[in-house]
Amino acid sequence: MKRLVALPAVAAMAIVVAACGSSSGSKNETAAKSSATPAAAKNGGKVTLLMGTAPDYLDPQEGYTTQAAEFDWLSYTGLYTYAHKGGDQGGQVIPGLAQDFPTISNGGKTYTMTLRPNLKYSDGKAVKASDFTYTIQRALKLNWGGKSFFTNYIKGAAAYDAGKATTISGIKAEDSSGKITIDLTQPYGAFLNVLSFPSAGLVPTGTKMSNLSNDPPPGVGPYMIKNVVPNRSWTLQRNPAWTSTTVPGIPAGHVDIDAKIASDTQTEAEQVLNNSADIFDWADQIPPSLTAQVKSKAADRYMPQNTISTFYFFLNTQTKPFNNQLAREAVNTALDRSALNRLNGGNFKQTCWFLPEGLIGHPDGACPYGDPNGTPDMAKAKQLMQQSGMVGQPVTVWSETRSPRKEFVAYYTDLLNQLGFKAKTKVIADAQYFSTIGNLKLNAQTGFADWNQDFPNPSDFYLLMDANSIQQTNNENFSQVKDPHIQSELRALNPVPASKLNSVASRWQALDTYTAQKAYIAAFGQEQQPMFYSNRINFGTAVFHPLYGNDFSSIELK
Amino acid sequence: MEGIGPYALAWRRLRRNRTALAFGAVFVIVVLMCLLAPVYAHDIAHTTPSANHLTDKVDGKDVVSVAGIPIGPTWHGRFFLGADSNGRDVAVRLLYGGRNSLFIAGVATLITMILAIVIGVSAGYFRGAVDGVLSRGLDLVWAYPVVILGVALGTTLAVGGLNFGPFHLKGNSLMVPAVIIGVIYVPYVAKPLRGQVLTLREREFVDAARTLGLSSLKIMLSEIAPNVVSTLIVFIPLIVANAILTEAGLSYLGAGVQDPNPSWGTMISDGIRLIPSAIHLTIVPGLMLVACVIGLNIFGDGVRDALDPRARVRIEH
């Protein structure tokens, strides 16, 4: 809703400018006019997107980072997807390749839906209902980071994943009628959101069961991923066969997107500011040194957007020293969230909760470790350390290379040393970072992590605290939390349908308060992300999606 | 007339070269400053190279502003050269970074020299198959540009460390970039050394030693080695200077010194993103790097001139 709120203000500015008799045709005025009187969308052309970090994978059944989802949700439509709208409306699930919303029966454990007729992949091949089964099997075979969403709920998915079955017994697909039936092991209120993951985006049966990031498979959607040069560049090319009526609610794109990895966010921001590139990736932060310039010189094409995200340091509860609750509490007590906010150029809402503000379940009580906007109590933290008996324990702190995350970890490492740990930093290339710390063999002790909502439901965040989500590779439960109370609460809360989430808001709040008290992570901020384009792009019509950031299908040239 | 040894003669020539001595002194001053880093940090700046002061104030100003911009030089004891984005004292990190850079350059030079002497002298003395194998090995390393080879090795070893037989180095150890730089510069010393030994082994005094029945090892140590020492001495300052530059380059690219250890290269790299608002973060380590490398290079040229045989002939006349 942020963009919709801004438009009347921009339009009003246009009226004021016009009333003043200006004929300068300034950029501000042009942008304002285009917003106030939307013209027919201009099709054609190519724009350049710069990214500070490459997606983990471009293969839809492997990609699980924000950067991967930006491309995959437009190229691999699943049975369900999200409305191409900004604000809260963008969090609404709409039918994708399914004709309509599913029929839910058997106490919330059986979902039945029918595939739209005459759908085709980008290579012209017809879409079959059985491709859905194959797609889920492929996500499991490729160890997709969120596969526990499938194995925890779809009947037979865990057995298939463990190699004990040759197919997923809970999914039945009839190619002749297009009917798909999914049986769950337990009701799950956010299951439609699970079906809306880009990783559940259909690929043809027979697609290789290996990482195809360098040559992504055909999908169904307004775009195709082409010309991949690993970790350097690729093109999000419009699918010529896609029209705005192929799937209602999924528009055909206006321009092709050339995605390039920038050497750093400084270069990235400078190029967009100077209009030599067109889109600054929303998952990156504009460096503090350029923020003022961007705000003044590009006020008509820059707008910070609130995101439903949590930035935190994970604390591995299964190994020394953070298997000790007092040691974890010491870290949470000592963490200076204001300091971390300064490293982020002031773009954080400081927090100690896991569930971010704006999401149902965000606690409204006092933080157990003092005011997150205040000065931390180091004396108390050191006392907790003494009680924990973990003084002198060696700790390796894992970090990405990109700023300001590397700087967060430099601060955090210093803090751990002040507390009495023997901490040292290990920096991993951004593209490999999460798969590295997500490898259970490494048993990473602590380090940086963040989570942006996959879907507007607290159960999405609690995947990271769910013992059932721990997996050997691509693990997302970095703290390796195995808490019986959390498990029992998740069993009760996860089945609640999205429409009834408000009725259990207080229970989610209690759970998040419990998580904070147990100090399973050290949360520190909820981030604002930049929507920042060149002056070639019509800023007024561009959509900032609450889940996937810049909606490339809405990008058009002026 | 009393004779004078070649090294005494070289020292006499070097003392006359005021420019070389002045730049040598610049290098020595940089080294002394870096060695005194703990004293400066403890008694003057009252901090450590990795201590963050993000929410502290100095002279009533934020060390790092709410918008994330660090303070510039205060010209006082604390934050004399300003702070970096983490609120760390730049002057302290500069001196500690210099220690790290010089340590790596020193160890790298030692490794280069030892390996170059063993390989160069063996290849030149034994010729034949030994020379063939060793020289092709040197060609293999030589074929790769220094920085590309360094980055390839540095990024690989930064994660897993170095495990070679009984040697185990952790990924964030300063020895990792030292070993990498030491190895990649071996051909640059070993090849000229091999050429010199190929000539020396045909000289009369080597033939005489062979006739007397001296073993190959003894000939290499007592007859060949003393005649290549001056070449090695000329190489030392040049290799140190190059090693300092290479370390800075590798650290800048993230393949050298690992966080939170400072080095001049990592300091420049960290400062790049704040150039528009905090240019001191790149200028200060850059100037230190330039002073150190120019000092060593000009001093190295002076040493070379002093040891140059042609110059000796001229002086004798």
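Residues numbered from 1 in each chain as written. Chains lettered and ligands numbered in written order. Predicted model: local features only at pLDDT ≥ 70, side-chain atom pairs only at ≥ 80, totals over all residues. Heavy atoms only, no water.

How should I be thinking about the overall build of chain A in this particular structure?
Broken down by element type, chain A carries 17 helices and 20 strands. In summary, chain A has a C-alpha radius of gyration of 24 Å against a globular reference of 24 Å for 558 residues, a match within 12%. Considered along the principal axes of its C-alpha atoms, chain A spans approximately 65 × 65 × 45 Å. A fraction of 71% describes how many contacts in chain A between residues 6 or more apart in sequence connect residues 24 or more apart. Surface summary for chain A: the accessible area is close to 19,800 Å², and the carbon and sulfur share equals 50%. For chain A, the separation between the mean place of its 48 positive charges and that of its 45 negative charges on side chains is 3 Å. (Helix = DSSP H or I, 4+ residues; strand = E, 2+ residues; numbered from the N terminus. Rg over C-alpha atoms; globule rule 2.2 N^0.38 Å. Contact = heavy atoms within 4.5 Å. Areas by Shrake-Rupley, 256 points an atom, 1.4 Å probe, with all protein chains shown as cover. Lys, Arg positive; Asp, Glu negative; His and termini not counted. Charge placed at Lys NZ, Arg CZ, Asp CG, Glu CD.)

Teacher, can you tell me more about the overall build of chain B here?
Looking only at helices and strands, chain B features 13 helices and 4 strands. Dimensions along the principal axes, computed over C-alpha positions, put chain B at roughly 80 × 50 × 30 Å. The long-range share in chain B, meaning contacts at least 24 apart out of those at least 6 apart in sequence, stands at 70%. For chain B, the accessible area works out to roughly 15,100 Å², and carbon and sulfur atoms hold 68% of it. Separation of charge centres in chain B, based on 25 positive and 20 negative side chains, amounts to 4 Å.

Would you explain the sheet that holds strand E7 (residues 179-183) of chain A in this entry?
Two modes of strand pairing occur in sheets, parallel and antiparallel, and in both the strands are linked by backbone hydrogen bonds. Residues and elements named next belong to chain A. With respect to topology, 4 strands assemble into an open sheet ordered E4-E5-E7-E6, the strand pairing being antiparallel. The open sheet has two edge strands with one neighbour each: strand E4 (103-105) and strand E6 (171-174). Taking each pair of neighbouring strands and ignoring which way they run, the sheet shows an average axis angle of 15 degrees. With 3 bridges joining them, E4 and strand E5 (residues 110-114) adopt antiparallel strand pairing. (Pairing = 2+ DSSP bridges. Axes fitted to C-alpha atoms, helices over the stretch in contact; angles between N-to-C directions.)

Is there a simple way to think about the pairing of strand E17 (residues 446-452) of chain A in this case?
For a regular strand, side-chain orientation follows a simple rule: the groups alternate between the two sheet faces. Residue and element names in this part refer to chain A. Most of E17 sits out of view: 7 of its 7 residues are buried. Pairing geometry for strand E13 (residues 309-315) and E17, over 7 bridges, is antiparallel. Paired with Phe313 across the strands is Phe448, a residue of E17. Looking at chain direction, strand E15 (residues 394-400) and E17 are connected through 2 bridges and run parallel. (Buried < 20%, exposed > 50% of the residue type's maximum accessible area, 1.4 Å probe, protein only.)

Sorry, what's going on with the packing of helix H10 (residues 216-252) of chain B against helix H12 (residues 280-307) of chain B here?
Angle between the axes and distance between the axes: these two values describe a pair of packed helices. Residues and elements named next belong to chain B. Their axes nearest at 9 Å, the elements H10 and H12 cross at an angle of 165 degrees. When the axis of H10 is compared with that of H12, the two are roughly antiparallel. Considering how the two elements wind past one another, H10 and H12 form a crossing that is left-handed. Where H10 abuts H12, its residues Ser230, Ile233, Val234, Pro237, Leu238, Val240, Ala241, Ile244, Leu245 and Ala248 lie against Leu289, Cys292, Val293, Leu296, Asn297, Gly300, Val303, Arg304 and Leu307. (Parallel < 35°, antiparallel > 145°, perpendicular 65-115°, else oblique. Left-handed = near helix turned anticlockwise from the far one by under 90°.)

Please clarify how the environment of Ala190 of chain B should be interpreted in this entry.
Looking at the element boundaries, Ala190 of chain B is found in helix H8 (residues 186-200). If sequence neighbours within four positions are ignored, Ala190 of chain B has contacts with Ala116, Gly120 and Leu138 of chain B.

Looking at this model, I keep getting lost on the interface of chain A and chain B. Mind explaining?
Accessible area lost upon the coming together of the parts is a frequently used measure of interface size. With 24 residues of chain A at the contact, the number on the chain B side is 28 residues. The largest contributions to the chain A side of the interface with chain B come from Pro288, Ser289 and Arg342 of chain A, which together make up 27% of the buried area. A salt bridge links Lys406 of chain A to Asp270 of chain B; the nearest nitrogen and oxygen atoms lie 3.1 Å apart. For the pair chain A and chain B, the interface holds 6 residue pairs in polar contact (both at pLDDT 80 or more). Mapped onto the side of chain A that touches chain B, the elements with two or more residues apiece are helix H9 (288-297), helix H11 (337-343), helix H13 (405-419) and strand E16 (422-428) of chain A. (Buried area = accessible area lost by both parts, 1.4 Å probe. Salt bridge = Lys/Arg side-chain N within 4 Å of Asp/Glu carboxyl O. Polar contact = N/O pair within 3.5 Å; in protein donor to acceptor, adjacent residues only side chain to side chain.)

I would appreciate a short explanation of a nonpolar patch on the surface in the present structure.
Taken together, the side chains of Ile275, Ile279, Ile283 and Leu287 of chain B make up a nonpolar region of the molecular surface, amounting to roughly 360 Å² of accessible area. Inspection of the secondary structure puts Ile279 of chain B in the loop between helix H11 (264-272) and H12. (Patch = residues over 30% accessible without salt bridge, like charges linked within 9 Å, V, L, I, M, F, W, Y side chains within 5 Å.)

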